[in-house]
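Geometric and topological summary
Take a look at the letters that make up each chain.
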Amino acid sequence: MDELTRDFLIESHEGLDRMERGITELEQRPQDRELLAEIFRAVHTIKGTTGFLGFSRLEKLAHAGENLLSQLRDGKLVPNRAITTALLQLMDALRAILRCIEIENNEGVGEGEDARLITLIAELQSPAKGDANAAGDSVATDARPAFHDNTVRVDIALLDRMMDLVGELLLTRNQILLATESDSSLMISSRRLDILTADLHESVISARMQPVSSLFSRFPRIVRDLSQSLNRKVRLIIEGQETELDRCMLDAIKEPLTHTVRNSLDHGIEPPELRFALGKEKEGILTLCARHESNHIVIEVADDGAGICVEKVRIKAIERGLINAEQAPQLSEDELLQLVFHPGFSTAEKVTNISGRGVGMDVVRTNIDKVGGKVQIESRPGKGTTLRFRLPLTLAVIPALIVRTVQQSFAIPQASLLELVHISRQHVVSAVEWIDDIPLYRFRGKLLPLIFLDRMLSLYREPYSHSSYDCFVVVLNAGERHLGLVVDEIAGLHEIVVKPLSPVLSSIGLYSGVTILGNGTLVLILDSSAIAARARIRRNAGTESMEHMTGASETVDQIMDFLLVDIAGRKTAIPLSNVVRIEQIRLLSIEYLGPQAVLNFDGKLLPIEDAGGLIAPEVGDQNIFRTVVVCAQADSYVGFMVSRVLKIAPGCDLFQPGSDQCAVGATLIDGRVVSVVDMGRIPPFASAPESRDETIMDHSFAWPQVSRSMA
Amino acid sequence: MSIQRNPASDVERTSGINITRNSESGKGESIEICSFTVAGSVFALPIRHIVEIVGKVHPQPVPLSPFFIAGLVYYRGNVLTALSLRRLLDVKDCEGSHELLVLECIHGSFGLLVDSVEDLLVVSSADYEAIPGNSDGRFLGILDTQRMRIRGLFAGSYKQGERLLITLNTDELDPMRLAETFA
């Protein structure tokens, strides 16, 4: 496609957009000459250029439209519903051809349809002769320069580049200001530089902004068409059109907004008869409103329709299995309303081609989430529904928390941030609980795995003990799990510009990008889900045998009883259901099969687990007694050598934060995290010569599998 | 100090850097090269590979990055990954600021951190001697390093009176390529 055609297409599309806006406004202000002149100009321009480029279909259509419009403009004809519809049809036809040119580089076929439309337009003009002097004598306003003359089209990539360069300029300015502080001769110039740079920065930012009117302008048409096909009477009120938003953001919210408006018309605003019966105005009101609100743009779609019936939502949610019947009454109205954003949820009784297929609100939310925005819904039954989108001003800048560890700063996007917990130096030791080598923090009754940022990044720290510093736990939402990132300092929230990392650094997998702070420092942006993924690898390495246990212990209830024992000074819990007997035995009676300590227990061979090393020191002393807790797991038995038995206590299951999965290998007893004995860790017990010894071996026991390689 | 190079024009003369026309034989095509020092040794790169020389940089280290990465450097609104030639040559890091050569590769721009830029010189292609492909640079006797696995890091040498100027192979310096080499 040559440049001329491309320019023509862009210009024509813009012209048609203006025409669309004009036509829908025309219904409200049919006498507005300026409006008519504007529409006329759009069609006129298309006609002029098409003749030149040789697009005959376009030319014929535009010519027919121009005739009609010139009569309207000159007041020889008064716009009515039929004319408006014809003009809209004309516009659609022109658009279709333009699209065809765009894709196939020709006008396509459809002369028959064109002829029908041209005839229709011609017919509309004929009665005009009768009331030609209806608004006859005013002077036509033409030859006014089109308002787009003072604009230039700029490539977005260029704007991005300008943004980068201005960013650099800001940093250089900061350095100059610092360097010239004491030099009075340079002071004035550097102040001036300061002001100019700030102004330039602002201008470049605003160059990327577009008023929301460019987005809102499509709605009068949509509302008009929909209200006709749905038999609704709707008045659209648009407020805050001049509010500006980053171009990319406007593109991103186009679909969600359209969907919301469709929903409002289909499910919100009632048919006129029903409204009348309810004592409302027959004409429903749909309000589109945009405004600034503390660094955000808020866009509201409000209708004065039926609202959402919370009871229906409750019933539907139970029906769809989103909540269960016991849960339902406990949910607040607000919480129930949020369910409409759930995938596959729709309260519409019948499926229309406008909406109600149950895909919609979840898509709206996903799209808004993607650009870092939030959706809120408010509804009063019988009064109407308001959907509120809260959007960041631009996509390029995201809010992030700057944290520091070992004098290095890192950024964490606010979107993955849940909470910040400060642990003062005197509490550091007691707050962090260890199970094997996994640090845990009890947070709101749940077990939060901790990750020490300095250790994860292998940062060198002067020999230290954690107890001598305050620390902060940044609670992160990483996909389905929560985790706590331990850092030294919180340096505050910043708006950051995300810059990509080179492939060699992004392949490390922990950083999602890098940013430059106002003082010129480069700060790596941490990817919270990558941190969780990395941490899981370590967790699994440490608790592999415990994971083994999950299968067996999955059925346990929320609360189960444990036998709390002391093994060489360490408190350990043994599930009471596994405990068979507690025995006092002579150390002498312990025998060895290879390296494995065993006990002849009622004529059965019992392997002994001695985690605390309680046997070793006193071997040989005949009169030493020891306590052995005999446990059964499935068909196998094991004896745990313990220092002493403390008590039986109920333990609460700890849950993996962010999931309903039971934490393995730990329980909560008297408010302390206690590790649970690992029944799966019992070593496979066998060595060939001994196993043949029938006097020890009792075949009624099912021992763990004998590994052949050991024989 | 910052030299901006416009590929179309000649290298700008800036304070501290002189272009020395210094061809031994006077024959052959003349090539502009930039020489720089790392741990007392002098190396060079053809000027056409260098986009810009940036002085006084302090790279921001990146934890868990490959050993040859010095860190990140802010450069013209973007963030450059800087390689440390010292680390590549298995020489200890030194304190203080360094100079950065901004180079281009197929994966985008990157920086090469050197101790200091010495000179911009014009040499003749007739004085060039390629280093055999299978050599790892040890024979030059200037460096003895275990990390000289990067075959072809050294492209060749130019005779400069008494001394040899060793040129580096820009393609081999591509960070992604290095990452594969040391994977």
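Here goes a summary of the coordinates provided. Only a predicted model underlies this, so the values are computations on that prediction, with no experimental measurement involved.

Moving on to the overall build of chain A. Helix and strand counts for chain A come out as 19 helices and 29 strands. A sequence separation of at least 24 residues applies to 67% of the contacts in chain A between residues at least 6 apart. Only carbon and sulfur atoms are counted for the fraction: they give 53% of the accessible area of chain A, which is about 36400 Å².

Each partner contributes residues to the interface: chain A has 26 residues there, and chain B has 21 residues. Of the roughly 1900 Å² buried between chain A and chain B, counting both surfaces, carbon and sulfur atoms make up 70%. When the buried area of chain A at its contact with chain B is split by residue, V504, L505 and L522 of chain A rank highest and sum to 31% of it. On inspection of chain A and its partner chain B, the count reaches zero salt bridges. Counting across the chain A and chain B interface gives three residue pairs in polar contact (both at pLDDT 80 or more). Within the residue set of the side of chain A that touches chain B, elements represented by two or more residues are α6 (156-179), β9 (408-413), α17 (503-506), β17 (511-516) and β18 (522-526) of chain A. Residue composition of the side of chain A that touches chain B, by class: 16 nonpolar, five polar and five charged.

Moving on, we get to the pairing of strand β7 (residues 78-84) of chain B. Residue and element names in this part refer to chain B. Of all seven residues that make up β7, six are buried, and the element is covered over most of its length. As paired elements, strand β6 (residues 69-75) and β7 share six bridges and run antiparallel to each other. Bridge pairing in β7 links G71 to A82. Turn length for the β6-β7 hairpin, with the two strands adjacent in sequence and antiparallel, is two residues, and the turn residue R76 shows positive phi of about 50°. The pairing of β7 with strand β9 (residues 108-114) spans three bridges and is classified as parallel. Following the sheet pairing, S84 is matched in β9 by L113.

Here we take up the sheet that holds strand β13 (residues 446-452) of chain A. Sheet strands line up and pair through hydrogen bonds in the backbone, either parallel or antiparallel. Residue and element names in this part refer to chain A. Spatially, the six strands line up as an open sheet ordered β10-β14-β15-β13-β12-β11, and their pairing is mixed. Strand pairing shows two members of the sheet lacking a second neighbour, β10 (417-423) and β11 (432-435), which therefore form its edges. Pairwise comparison of adjacent strand axes, ignoring direction, gives a mean angle of 35° for this sheet.

In this section: the packing of helix α9 (residues 219-229) of chain A against helix α10 (residues 247-268) of chain A. Residues and elements named next belong to chain A. At a minimum axis distance of 11 Å, the contact between α9 and α10 shows a crossing angle of 30°. With respect to their mutual orientation, α9 and α10 come out roughly parallel. Remark: the crossing between α9 and α10 carries right-handed chirality. Residue-level contacts link F219, I222, V223 and L226 of α9 to L257, T258, V261, R262 and L265 of α10. Per-class residue counts for the contact of α9 with α10 are seven nonpolar, one polar and one charged.

Right, let's get into the packing of aromatic side chains. Summed over all chains, the structure comprises three aromatic pairs over all chains. Seen from their ring centres, F67 of chain B and F68 of chain B are 5.4 Å apart, and the 85° between their planes marks the pair as edge-to-face. Since its relative accessible area comes to 24%, F67 of chain B is described here as partly exposed. Among the residues examined, F68 of chain B registers a relative accessible area of 1% and is labelled buried. The ring of F276 of chain A carries K282 of chain A above its face, with NZ or CZ at 5.3 Å from the centroid. In this structure, R455 of chain A is placed above the aromatic ring of F452 of chain A, and the distance from its NZ or CZ to the ring centre is 4.5 Å.

Before going further, it helps to examine the pattern of salt bridges. Summed over all chains, the structure comprises 18 salt bridges over all chains. Of the charged contacts, one joins R95 of chain A and D17 of chain A as a salt bridge, the two residues approaching to 2.8 Å between their closest N and O atoms. Here the residue R95 of chain A occupies a position in helix α4 (residues 81-104), and D17 of chain A occupies one in helix α1 (residues 3-28), the gap between them amounting to 78 residues. Since its relative accessible area comes to 13%, R95 of chain A is described here as buried. A salt bridge links R177 of chain B to E172 of chain B, with the shortest nitrogen-to-oxygen separation between them at 3.1 Å. Take E172 of chain B: its relative accessible area is 13%, and that puts it in the buried class. Linked by salt bridges that have partners in common, D17, E20, D92, R95, R221 and D225 of chain A make up one network.

Turning to the sheet that holds strand β4 (residues 284-293) of chain A, a few remarks are in order. All names here are of chain A. Strand order in the open sheet made by the five strands is β2-β4-β5-β7-β6, with mixed pairing throughout. Looking at the sheet topology across the chains shown, the edges are occupied by β2 (234-239) and β6 (374-380). Going from strand to strand, the sheet's axes swing by 15° on average, the running direction of each strand aside. In the sheet, strand β5 (residues 296-303) pairs with strand β7 (residues 384-392) via eight bridges, with the strands oriented antiparallel. If you follow V298 over to β7, its bridge partner there is R390. Sitting on the sheet, α10 is in contact with β2, β4, β5 and β7, with an inclination near 20° to β5. In the packing of helix α14 (residues 361-370) onto the sheet, contacts are made with β6 and β7, and the angle to β7 comes to roughly 25°.

Calculation notes
Residues numbered from 1 in each chain as written. Chains lettered and ligands numbered in written order. Predicted model: local features only at pLDDT ≥ 70, side-chain atom pairs only at ≥ 80, totals over all residues. Heavy atoms only, no water. Helix = DSSP H or I, 4+ residues; strand = E, 2+ residues; numbered from the N terminus. Contact = heavy atoms within 4.5 Å. Areas by Shrake-Rupley, 256 points an atom, 1.4 Å probe, with all protein chains shown as cover. Buried area = accessible area lost by both parts, 1.4 Å probe. Salt bridge = Lys/Arg side-chain N within 4 Å of Asp/Glu carboxyl O. Polar contact = N/O pair within 3.5 Å; in protein donor to acceptor, adjacent residues only side chain to side chain. Nonpolar A, V, L, I, M, F, W, Y, C, P; charged D, E, K, R; others polar. Buried < 20%, exposed > 50% of the residue type's maximum accessible area, 1.4 Å probe, protein only. Pairing = 2+ DSSP bridges. Axes fitted to C-alpha atoms, helices over the stretch in contact; angles between N-to-C directions. Parallel < 35°, antiparallel > 145°, perpendicular 65-115°, else oblique. Left-handed = near helix turned anticlockwise from the far one by under 90°. Phe/Tyr/Trp six-rings, centres within 6.5 Å; stacked < 30°, edge-to-face > 60°. Lys NZ or Arg CZ within 6 Å of the ring centre and 35° of its normal.

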